[in-house]
Amino acid sequence: MMTLSSESLNQVAVRINPQNIPRTMAFLKDIWIEVRPNYPFSYYFIDENFDRLYWSEQNLKKIFGIFAFLSVFIGCLGLFGLAAYSAERRTKEIGIRKVLCASTAGLAFLLSKEFTKWVLLANLIAWPAAYWVMSRWLRNFAYRSGFDIGIFFLAGALAWVVAFITVGYQALKASNTDPVTTLKYE
């Protein structure tokens, strides 16, 4: 402990063993009363202080997690609707391709190909914005930590997988329909 004068000693930082905290605190209180009887003994634990300090960050993490889930869910619903509309609009084309021996996987790839370019474009727009926001946010911490650029590629791959599964379901459903029912009026 360092102090400039014995009269200004109002706080002490003590590292304690967590084995028997109540007995240690009673011992420290006795010492405090002996050294500074005119000042009340009050204490706090530094880990609790740090928890309070980062409580807002933990709440922000929960809120961002909830909104991220909701936005992905709403995006998947929209993508599902667009894929259903696209498959419905191209029903006759799919029927003709099936008659000409197109495979189910090939038809699924054909329908999901147009959505892949939109997912790629969305990632190319989102990556710089996310990098800028994350850099600004992490700059506010005392102990700065960076983030790996690979996380953007992982997020892009995950977005593509989610889009492919969402669109792929509609594509498989459309490609498994009987071409006779789609072309019987032509």
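Keep in mind that what you see is a predicted model, and the values were worked out from it rather than measured.

A. Structural view of the packing of helix H3 (residues 55–89) against helix H5 (residues 104–138). One way to put it is that H3 packs onto H5 with a least axis distance of 12 Å and a crossing angle of 165°. As summarised for this structure, H3 and H5 are arranged roughly antiparallel, according to the angle between their axes. Classified by chirality, the crossing of H5 by H3 is right-handed. Residue-level inspection shows Glu57, Leu60, Leu79, Leu82, Ala83, Ser86 and Ala87 of H3 in contact with H5, the latter providing Leu111, Glu114, Phe115 and Trp137. Residue classes in the contact of H3 with H5 are distributed as 8 nonpolar, 1 polar and 2 charged.

B. Region of the structure containing the side chain of Ser86. Position of Ser86 relative to the elements: it lies in helix H3. Filtering out sequence-adjacent residues up to four positions away, Ser86 remains in contact with Leu111, Glu114 and Phe115.

C. Main features of the packing of aromatic side chains. Applying the stated criterion across every chain, the model contains 7 aromatic pairs. Seen from their ring centres, Tyr43 and Phe45 are 5.7 Å apart, and the 75° between their planes marks the pair as edge-to-face. Measuring from ring centre to ring centre gives 6.3 Å for Phe69 and Phe73, while their planes differ by 15°; the resulting arrangement is stacked. Highlighted residues: Phe69 and Phe73, both in helix H3, separated by 4 residues, approximately one helical turn. According to the relative accessible area criterion, Phe73 is partly exposed, its value standing at 44%. Through successive ring pairs, a cluster of aromatic residues spans Phe41, Tyr43 and Phe45.

Definitions and cut-offs
- Residues numbered from 1 in each chain as written.
- Predicted model: local features only at pLDDT ≥ 70, side-chain atom pairs only at ≥ 80, totals over all residues.
- Heavy atoms only, no water.
- Axes fitted to C-alpha atoms, helices over the stretch in contact; angles between N-to-C directions.
- Helix = DSSP H or I, 4+ residues; strand = E, 2+ residues; numbered from the N terminus.
- Parallel < 35°, antiparallel > 145°, perpendicular 65-115°, else oblique.
- Left-handed = near helix turned anticlockwise from the far one by under 90°.
- Contact = heavy atoms within 4.5 Å.
- Nonpolar A, V, L, I, M, F, W, Y, C, P; charged D, E, K, R; others polar.
- Phe/Tyr/Trp six-rings, centres within 6.5 Å; stacked < 30°, edge-to-face > 60°.
- Buried < 20%, exposed > 50% of the residue type's maximum accessible area, 1.4 Å probe, protein only.

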